[in-house]
Amino acid sequence: MFFQQQVYAIELSGFSKIVDGDTVYIKSSKIRLEGIDAPEIKQKCKKNGKEYFCGKISQKKLIQKIGKNKIKCFSTGKDKYRRYLATCFIGKINLNKWMVRNGYAISYRRYSTKYNNDEIYAKINKLGIWSGSFIQPEKWRKLN
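Described in the following lines is the structure provided in the data block. (Residues numbered from 1 in each chain as written. Predicted model: local features only at pLDDT ≥ 70, side-chain atom pairs only at ≥ 80, totals over all residues. Heavy atoms only, no water.)

## Topic: the pattern of salt bridges
Part 1 of the reasoning: For the structure shown, the criterion picks out eleven salt bridges.
Part 2 of the reasoning: The partner of Lys-72 in a salt bridge is Glu-11, and the shortest N-O contact between them spans 3.8 Å. In this pair, Lys-72 sits in strand β8 (residues 71-78) while Glu-11 sits in strand β1 (residues 10-14), placing the two residues 61 residues apart along the sequence.
Part 3 of the reasoning: Residue class for Lys-72 comes out partly exposed when judged on its relative accessible area of 38%.
Part 4 of the reasoning: A relative accessible area of 44% means that Glu-11 is categorised as partly exposed.
Part 5 of the reasoning: Arg-141 is the salt-bridge partner of Asp-37, the closest N and O atoms lying 3.0 Å from each other. Highlighted residues: Asp-37 in strand β5 (residues 36-37) and Arg-141 in helix α4 (residues 137-143), separated in sequence by 104 residues. (Salt bridge = Lys/Arg side-chain N within 4 Å of Asp/Glu carboxyl O. Helix = DSSP H or I, 4+ residues; strand = E, 2+ residues; numbered from the N terminus. Buried < 20%, exposed > 50% of the residue type's maximum accessible area, 1.4 Å probe, protein only.)

Structure, rendered in structure tokens:
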């Protein structure tokens, strides 16, 4: 007999506080944007031979995109740090996808392939961090 496993999504919605390009709070719930990895706040990238704080840019772009709007996040579980892993939306816009497609985050391939095509698009079009050079955020965290 075949049993289909049901995945229950927890919905978190409201005004958000943006921690960085892949982490937000809604009230007291810490949410990690699932399937993406953004540069850390203190991380620097290079463009035209000059260093800049790409992590701060990533955070700023997410803040600008959300503006004063409420967001809606759908979580299917938590990570080892007890953050909700979620896909978040502003209206019909998938923020996880938007961050990767515009080059403010990368597809977090170790955990998901969902945004690989969006990363390729950003890379081909030299958007965001793809307009210069950078260390993968996961590698940067290990080195710092």
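Moving on from the coordinates now.
## Observations concerning the side chain of Glu-40
Part 1 of the reasoning: Relative to the helices and strands, Glu-40 is located in the loop between β5 and β6 (45-47).
Part 2 of the reasoning: Not counting the four nearest positions on each side in its chain, Glu-40 is found in contact with Asp-20, Gly-55, Trp-140 and Arg-141. (Contact = heavy atoms within 4.5 Å.)

## Description of the environment of Trp-98
Part 1 of the reasoning: With respect to the secondary-structure elements, Trp-98 resides in helix α2 (residues 95-101).
Part 2 of the reasoning: Between the C-alpha atoms of Trp-98 and Tyr-121, which are 23 residues apart in sequence, the distance is 11 Å.
Part 3 of the reasoning: Those residues in contact with Trp-98 that sit more than four places away from it in its chain are Lys-61, Lys-65, Ile-93 and Tyr-104.

## A short note on the packing of aromatic side chains
Part 1 of the reasoning: Summed over the entire model, instances satisfying the criterion amount to four aromatic pairs.
Part 2 of the reasoning: A ring pair is formed by Phe-74 and Phe-89, whose centres lie 6.1 Å apart and whose planes are at 70°; its orientation type is edge-to-face. One end of the pair, Phe-74, is in strand β8; the other, Phe-89, is in strand β9 (residues 84-90), and 15 residues separate them in sequence.
Part 3 of the reasoning: For Phe-74, a relative accessible area of 32% translates into the label partly exposed.
Part 4 of the reasoning: Geometrically, the ring pair formed by Trp-98 and Tyr-104 is tilted, given 5.7 Å between the ring centres and 40° between the ring planes.
Part 5 of the reasoning: On the basis of relative accessibility, which here comes to 16%, the residue Tyr-104 falls in the buried class.
Part 6 of the reasoning: Above the plane of the ring of Tyr-84 lies Lys-78, whose end atom (NZ or CZ) is 4.5 Å from the centre. (Phe/Tyr/Trp six-rings, centres within 6.5 Å; stacked < 30°, edge-to-face > 60°. Lys NZ or Arg CZ within 6 Å of the ring centre and 35° of its normal.)

## Considering the state of the cysteines
Part 1 of the reasoning: Tallying each qualifying case throughout the model produces two disulfides.
Part 2 of the reasoning: Cys-45 shares a disulfide with Cys-54; S-S distance 2.0 Å. The sign of the 65° torsion about the S-S bond sets the Cys-45-Cys-54 disulfide as right-handed. You'll find Cys-45 and Cys-54 in the same group, each marked buried.
Part 3 of the reasoning: Cys-73 shares a disulfide with Cys-88; S-S distance 2.1 Å. In this structure the cystine formed by Cys-73 and Cys-88 twists about its S-S bond by roughly 110°; its chirality is therefore right-handed. Taken together, the residues span a long stretch of sequence, with Cys-73 in strand β8 and Cys-88 in strand β9 at a distance of 15 residues.
Part 4 of the reasoning: A relative accessible area of 0% means that Cys-88 is categorised as buried.
Part 5 of the reasoning: If the cysteines joined by disulfides in the protein chain are listed in sequence order, their pairing comes out as 1-2, 3-4. (Disulfide = S-S within 2.5 Å.)

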